[in-house]
Amino acid sequence: MSDNFSLSDLGSTQESSASFKLPKKASSTPSTTNSPQPRKPAVIVTQLDDMEVVQEKSKKPVEQIDPKYLHADLPSNFYFYDFDTLGVGPVLGFHQAKFSRAAKEKRTRYMVDAVSTLLPEGISAWDLTIPDFYWLLYWIRMTYYTKVQLIHTAVCSNPKHIHRIQQGELPKESLVSVHTLSKSILSEEVFDPKPLEAFLETADLSFLDNSPFTLAPSCITDIVDIEENLLSHENYPEIEYLVDYAGYLQNKDPGIPRLSMQQRCEFVETLTAEDLYTIEQFRTLVSAYGVEESIRFTCPECRAESETKISISAHSFL
Ligand SMILES: [Zn+2]
């Protein structure tokens, strides 16, 4: 690892986000969006008893949702949040500008900012779990972009077709074809908490006892943190392994701002293979929901049928 690699300066992505919002406290006035504030991480606690207590006191309805907001039922069923309903406002030119910037600069930050400004005061897209965030992008696209025709450029992978190109019978470009996304296949899965709760009842989580951490689902803030602070690091191939675990650790005290990925990676470096396996099991249980989009297409040249997965991006909104 390089000597000047200091991640402790990094990972404060949410503080500099102009549209970052705090979860609304029932008895407090809304805070301004400009001052740095601790965010409410999507934390679930390691002890099942505590978890029930936490949920009981913190689940609250979002009242007085503006009629212009439409309800989006997140596939996590709001299991990881202190709100249990979500209104999403219409997409305006203001948001389109952010999507456009996200597409140009290829930065998730602008996507999260754009989505955040569509949500009611007190709920921030920065706090959403990764499957919920991407599901919400699909929901927004399908709800507010009904007249926009989305296209997908597909590449044929039929070995016979590729062989004909190698033989010089067809141009390389014949592999590429353009299809509209109106025919795409969406598969959605809703979060089932039972296997997770069963796991937490019996799992040995003693490795977290003397640490500030608990297990929590990874959220979109982590993606931005990795993208902006770690991805270009020369040692990323090693860091990549650590973040796959560090993304599932969060402060026991949800009032403390989310720790940087580096601080969490340092802790992961000290864990045993058994501890890592425990986090892996947790990761599987908190990730099995959300949405996947694929398209089935026929190659216009060789008529071979293929199905490819599509990932949603800022371009999908332009
Ligand atoms: Zn083909």
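Cut-off values and rules
- Residues numbered from 1 in each chain as written.
- Predicted model: local features only at pLDDT ≥ 70, side-chain atom pairs only at ≥ 80, totals over all residues.
- Helix = DSSP H or I, 4+ residues; strand = E, 2+ residues; numbered from the N terminus.
- Buried ≥ 20, exposed ≤ 12 C-beta atoms within 10 Å, placed from the backbone.
- Contact = placed C-beta atoms within 7 Å.
- Pairing = 2+ DSSP bridges.
- Axes fitted to C-alpha atoms, helices over the stretch in contact; angles between N-to-C directions.
- Core = buried A, V, L, I, M, F, W, Y, C linked by C-beta atoms within 7 Å.
- Expected span 1.5 Å × (residues − 1).
- Arc of directions from axis to C-beta.
- Parallel < 35°, antiparallel > 145°, perpendicular 65-115°, else oblique.
- Left-handed = near helix turned anticlockwise from the far one by under 90°.
- Nonpolar A, V, L, I, M, F, W, Y, C, P; charged D, E, K, R; others polar.
- pLDDT = per-residue confidence, 0-100.

Trainee: Mind showing me how you'd approach the overall build of the protein chain here?
Mentor: The number of helices and strands found in the protein chain is ten helices and nine strands. Within the protein chain, the fraction of its 318 residues that count as buried is 32%. Long-range contacts, defined here as pairs at least 24 residues apart, represent 75% of the contacts in the protein chain between residues at least 6 apart.

Trainee: Could you clarify how one ought to interpret the sheet that holds strand 5 (residues 185-189) in this entry?
Mentor: Strand pairing in a sheet relies on backbone hydrogen bonds, with the paired strands running either antiparallel or parallel. Spatially, three strands are ordered 5-8-9 in an open sheet, and the strand pairing comes out antiparallel. Each of the sheet's edge strands pairs with one partner strand only, and the pair in question is strand 5 and strand 9 (305-310). Geometrically, the sheet is characterised by an average inter-axis angle of 25° between neighbouring strands, direction not taken into account. Judged from the five bridges that link them, strand 5 and strand 8 (residues 290-298) form a sheet pairing that is antiparallel. Looking across to strand 8, one finds that E188 is bridged to V291.

Trainee: How do you make sense of the pairing of strand 8 when you look at a structure like this?
Mentor: Residues in a regular strand project their side chains so that they alternate between the two faces of the sheet. Pairing geometry for strand 8 and strand 9, over six bridges, is antiparallel. Its bridge partner lying in strand 9, I295 is registered against T308. Between strand 8 and the antiparallel strand that follows it, strand 9, lie six residues; R303 among them carries a positive phi value of about 65°.

Trainee: Even after reading the chapter, I still don't get the nonpolar core, so can you show me in this structure?
Mentor: Grouped together as the largest cluster of nonpolar side chains are 55 residues, with contacts concentrated most on M111, V115, A125, L136, I220, V243 and A246. For this core, the secondary structure elements donating two or more residues are helix 2 (93-105), helix 3 (108-116), helix 4 (130-144), strand 6 (213-215), helix 7 (220-229), helix 8 (236-246), helix 9 (261-269) and helix 10 (273-285). Of the residues forming this core, the biggest block, seven residues, is contributed by helix 4. In this structure, L136 is in contact with A72, L74, V115 and L128, ignoring residues within four places of it in sequence.

Trainee: It is not clear to me how helix 2 should be interpreted in this structure. Could you clarify?
Mentor: Given 3.6 residues to a turn, an α-helix orients residues that are three or four positions apart in the same direction. Look at helix 2: 18 Å from first C-alpha to last across 13 residues, which is about the 18 Å you get at 1.5 Å a residue. Within the sequence span of helix 2, burial applies to H95, K98, F99 and A102. Looking straight down helix 2, one finds that the buried residues subtend no more than 100° of arc, so they occupy a single side. Across from the buried face of helix 2, at angles greater than 90 degrees, the exposed residues are G93, F94, A97, K104 and E105. Within two residues after helix 2, K106 carries a phi angle of roughly 50°, on the positive side.

Trainee: Can you help me understand helix 4 in this one?
Mentor: When the terminal C-alpha atoms of helix 4 are compared, their 21 Å separation across 15 residues agrees well with the 21 Å that a helix rising 1.5 Å per residue should span. Listed as buried for helix 4 are P131, D132, F133, Y134, W135, L136, L137, W139 and I140. Residues of helix 4 that are buried sit in contact with strand 2 (87-88), helix 3, helix 7 and strand 8.

Trainee: Honestly, the packing of helix 6 (residues 193-202) against helix 10 in this entry has me stumped. Any pointers?
Mentor: When two helices pack together, their arrangement is captured by the angle between the axes and the distance separating the axes. Axis separation between helix 6 and helix 10 bottoms out at 9 Å; the angle between their running directions is 160°. The angle between the axes of helix 6 and helix 10 places the two elements in the roughly antiparallel class. Between helix 6 and helix 10 lies a crossing of left-handed hand. Contact with helix 6, carried on its side by P195, L196 and F199, involves Q281, F282 and L285 of helix 10 and no other residues of that element. Considering only residue class, the contact of helix 6 with helix 10 consists of five nonpolar, one polar and no charged.

Trainee: Looking at this structure, how should I read unusual backbone geometry?
Mentor: Excluding glycine, most residues fall at negative phi; most peptide bonds, likewise, are trans. Look at K106: it is not a glycine, yet its phi comes out positive at around 50°. Its place among the elements puts K106 in the loop between helix 2 and helix 3. The backbone phi angle of R303 is positive, close to 65°, even though this residue is not glycine. Its location among the elements puts R303 in the loop between strand 8 and strand 9.

Trainee: Explain the confidence of the model for the protein chain here, please?
Mentor: In the predicted model, the protein chain carries a mean pLDDT of 78, and 78% of its residues have values of at least 70. Low pLDDT (under 50) marks residues 1-64, which in the prediction has 116 contacts with non-local residues, meaning those over four places away or in another chain.

Trainee: Would you take a moment to explain the packing of helix 3 against helix 7 for this structure?
Mentor: Between helix 3 and helix 7, whose axes approach to 9 Å, the crossing angle comes to 150°. Here helix 3 is positioned roughly antiparallel relative to helix 7, judged by the angle of their axes. As for how helix 3 packs across helix 7, the hand of that crossing is left-handed. Touching T108, R109 and V112 of helix 3 are I220, I223, V224, E227 and E228, all from helix 7. When grouped by side-chain class, the residues that make up the contact of helix 3 with helix 7 number four nonpolar, one polar and three charged.

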